[in-house]
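# Coordinate inspection notes
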Amino acid sequence: ILEQIVSSKKQEEEKKRGLDKRTPAQVAYEKMQEKRQMERILKKASKTHKQRVEDFNRHLDTLTEHYDIPKVSWTK
């Protein structure tokens, strides 16, 4: 039974390859895109929102005052 399942899966994969009109380079490109997307998702999911805000605040603390928002009021 296992041999039949394995052989049927191989036949399905061969049919998919026959219907697939992409070049090997296109297939490799799409695989890399999926891999990079999964890495990005895992990277973003590794930190909580609070941790991201704290990291961002630390980054803002390192910037010079040149990037501060100037006052808008003319009277003060």
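All of these numbers come straight from a predicted model, not from anything done at the bench.

### Describing the overall build of the chain
Looking only at helices and strands, one finds 3 helices and 0 strands in the chain. In sequence order, the secondary structure elements of the chain are arranged as α-α-α. Classification of the 76 residues of the chain by burial places 0% in the buried group. Looking at the chain as shown, the accessible area adds up to about 8,200 Å², and 58% of this sits on carbon and sulfur atoms.

### Description of the confidence of the model for the chain
Model confidence for the chain is summarised by a mean pLDDT of 81, while 80% of its residues fall at 70 or above. Per-element averaging of pLDDT across the chain places helix H1 (residues 2-19) at the bottom with 75 and helix H2 (residues 24-45) at the top with 90.

### Describing the pattern of salt bridges
Within this structure, the stated rule accounts for 3 salt bridges. A salt bridge links Glu 30 to Arg 22; its shortest N-O distance comes to 2.1 Å. Residue classification places Arg 22 among the partly exposed residues on the basis of a relative accessible area of 37%. The shortest N-O distance in the salt bridge between Asp 55 and Arg 58 comes to 2.7 Å. Of this pair, Asp 55 and Arg 58 are both found in helix H3 (residues 49-62), 3 residues apart, which corresponds to roughly one turn of the helix.

### Regarding a positive patch on the surface
Taken together, Lys 35, Arg 36, Arg 40, Lys 43, Lys 44 and Arg 52 make up a surface patch of like positive charges. With respect to the helices and strands, the residue Lys 44 is situated in helix H2. With relative accessibility at 61%, the residue Lys 44 sits in the exposed group.

### Thoughts on a nonpolar patch on the surface
Side chains of Ile 1, Leu 2 and Ile 5 sit close together on the surface and give an oily, nonpolar patch of about 370 Å² of accessible area. When you line up the elements, Ile 1 lands in the segment before H1.

What counts and what doesn't
Residues numbered from 1 in each chain as written. Predicted model: local features only at pLDDT ≥ 70, side-chain atom pairs only at ≥ 80, totals over all residues. Heavy atoms only, no water. Helix = DSSP H or I, 4+ residues; strand = E, 2+ residues; numbered from the N terminus. Buried < 20%, exposed > 50% of the residue type's maximum accessible area, 1.4 Å probe, protein only. Areas by Shrake-Rupley, 256 points an atom, 1.4 Å probe, with all protein chains shown as cover. pLDDT = per-residue confidence, 0-100. Salt bridge = Lys/Arg side-chain N within 4 Å of Asp/Glu carboxyl O. Patch = residues over 30% accessible without salt bridge, like charges linked within 9 Å, V, L, I, M, F, W, Y side chains within 5 Å. Lys, Arg positive; Asp, Glu negative; His and termini not counted. Charge placed at Lys NZ, Arg CZ, Asp CG, Glu CD.

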